[in-house]
Amino acid sequence: MDENTKDKSEKAGASGPERTGGATQKSRVIDPKVIEERIRQRRRRRIIFFAAVAAVIIVAVLLALHFTGIFDRLGKRGDDGMLVSAAIRVEYTPKGTHRLGSSGDCLIISDGNGITGIDRDGKWKWNSTLSASNPAFSGHGDVLLVTDQSGKSIWAFDGSGFRWRYISEMPLICSFVSPSGSELAVVTEQENFESAVTFLNVKKDVPSERFTRRFGTYRMLAAAVSGDAAQLAASGVYYSGGSLSGTTVFMRVSDGEVYSSILTDNSVYLQLRYLDDGTLFAANSDSLRLVRKLPKVSGGDDTDREIWSRNGARTMVVDTGVVGGDLCAVAMTEANSSSGGVSSVVFYDRSGKETASLGITDSIIGMETRGNRAAVFSSDTVYLISRSGKLIGQHKLDSAISSIVFAGSGVLAADTADGIYLIEFTESR
């Protein structure tokens, strides 16, 4: 064998089969099953690692959302298609005694800093300073009145801030604005009289007096202007035979004349709710009256009757409101039942007929209405109700609720011991 042949033979032996004792032995390789198992182990380790990282991130995000107060909790959507609710905490902390109101989708807070507007995100929007020793809110639609009770000033605000101011000559008892925001009923003290009611028009943010009606026997404590601004109702008290009784008088806006009066022995109606057609619902905790005293000569459509009475039972009226302009919503609950009670929201039309009702196994504290919806609240839960009497949303908070207001068609502000929350009800996604 020459050198070239020897080299080729050695090279071939280095890479080819090795012969030992006449038998052929293969090169050493890893079993494919072992390789697959190692691959699976590496995949499992990667999955476990990434799952652990994702869990840490989710926990961190949830903790951040909780401690920064971005949301309180997400609501639930029931099987019947209830709206989804979510709450955010308002960033503003009121100073001292405070009250909530609203205009459009702007939450308005009265406190030691004056009047502050809060936007839909719970953030500061504007502030207006004012001095009122005992401010009271009243409003309708886009106008919110701040009345300095026992003082002499009334301020009007909307979602953008201050609108106008009215200064009374006499100390104020209360004030109420019409649905249009252009008419104002002001109840005041009056020298040599028990009280007086002044009617004002507001044009281009300038209030001007139309008339003042003085009452020598009646001390008026509430008032309301009809939707068509044709009549004004005022309700109050008077003494007769040593006992306190109630009265409701109706005045024509055109000239201020009293054209009808109702006397209610031993019963005072201080909640006055006008429907758009001039029908008035007058309520107190024990009674609900339907009154229609239109300022017309014929008076053929007039009526005055009690459509609900407590009659010594446990159930009492908590609050009333107007829904859609043509229904009166009445919230009722069991007296002396702070928790676990039975409540209801009942809707009445202009004839006093019950059109819908909803029972709630909870003790209702108060109610607010806007558009075609009513909202009631208990010590810890807000309930949203349609005009057909259907529960369309509810949201429970961890802190005691003292009041609520609408801050938009599907947004409610709740004042709690832990702060103010904006609760938004939306369709499920």
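Attention here is on the structure that accompanies the text. Please read all numbers here as calculations on a predicted model, not as lab measurements.

Bringing the pattern of salt bridges into the picture now. According to the stated counting rule, one finds 16 salt bridges in the structure shown. A salt bridge links Arg-163 to Asp-205; the shortest N-O distance between them is 2.8 Å. Linking Arg-163 in strand β11 (residues 161-167) with Asp-205 in the loop between β14 (195-203) and β15 (206-215), this pair joins segments that are 42 residues apart in sequence. The partly exposed category is assigned to Arg-163, whose relative accessible area is 30%. The shortest N-O distance in the salt bridge between Glu-257 and Arg-213 comes to 3.8 Å. With Glu-257 in the loop between β18 (243-252) and β19 (258-264) and Arg-213 in strand β15, this residue pair connects regions lying 44 residues apart in the sequence. On the accessibility criterion, Arg-213 (28% relative accessible area) is partly exposed. Through salt bridges with shared partners, one network takes in Asp-277, Arg-292, Asp-301 and Arg-350.

The next thing to look at is the packing of aromatic side chains. Scanning all chains against the criterion turns up six aromatic pairs. Taken together, a centroid distance of 5.9 Å and an interplanar angle of 70° make the contact between Phe-157 and Phe-162 edge-to-face. Ring geometry for Phe-199 against Phe-211: centres 5.6 Å apart, planes inclined by 15°, an arrangement best described as stacked. With Phe-199 in strand β14 and Phe-211 in strand β15, the pair connects residues that are twelve residues apart, well separated along the chain. The pair Phe-199 / Phe-211 is uniform in exposure class, with both members buried. Here a set of aromatic residues connected by ring pairs shows up, and it is made of Trp-126, Phe-157 and Phe-162.

Our next topic: the sheet that holds strand β5 (residues 106-111). Ordered in space as β4-β5-β6-β7, the four strands form an open sheet in which the pairing is antiparallel. Edge positions in the sheet fall to β4 (99-103) and β7 (124-128), since each of these pairs with one other strand and no more. Averaged over all neighbouring strand pairs, the angle between strand axes comes to 25°, with direction disregarded. Sheet topology note: the strand β6 (residues 114-118)/β7 ladder contains four bridges and is antiparallel. Opposite Gly-117, over in β7, you have Trp-126 as the bridge partner.

A word on the nonpolar core. One broad rule of soluble globular proteins: the nonpolar side chains tend to lie buried together. Residues Val-197, Met-220, Leu-232, Ala-234 and Met-251 are the most contacted members of the largest nonpolar core, which totals 18 residues. Not counting chain neighbours up to four residues away, the residues in contact with Val-197 comprise Val-186, Val-187, Phe-211, Thr-212, Arg-213, Phe-215, Met-220, Leu-232, Ala-234 and Met-251. With 17 residues, the next largest nonpolar core counts Val-323, Ala-329, Val-345 and Ile-385 among its residues.

Take unusual backbone geometry next. With a phi angle near 60°, Asp-205 is a residue other than glycine that sits in the positive phi range. A positive phi is found at Asn-266, a non-glycine position, where the angle reads about 60°. Examined against the element boundaries, Asn-266 turns out to sit in the loop between β19 and β20 (271-274). On the basis of relative accessible area, Asn-266 is assigned to the exposed category, the value being 59%.

Cut-offs applied
- Residues numbered from 1 in each chain as written.
- Predicted model: local features only at pLDDT ≥ 70, side-chain atom pairs only at ≥ 80, totals over all residues.
- Heavy atoms only, no water.
- Salt bridge = Lys/Arg side-chain N within 4 Å of Asp/Glu carboxyl O.
- Helix = DSSP H or I, 4+ residues; strand = E, 2+ residues; numbered from the N terminus.
- Buried < 20%, exposed > 50% of the residue type's maximum accessible area, 1.4 Å probe, protein only.
- Phe/Tyr/Trp six-rings, centres within 6.5 Å; stacked < 30°, edge-to-face > 60°.
- Pairing = 2+ DSSP bridges.
- Axes fitted to C-alpha atoms, helices over the stretch in contact; angles between N-to-C directions.
- Core = buried A, V, L, I, M, F, W, Y, C linked by side-chain atoms within 4.5 Å.
- Contact = heavy atoms within 4.5 Å.

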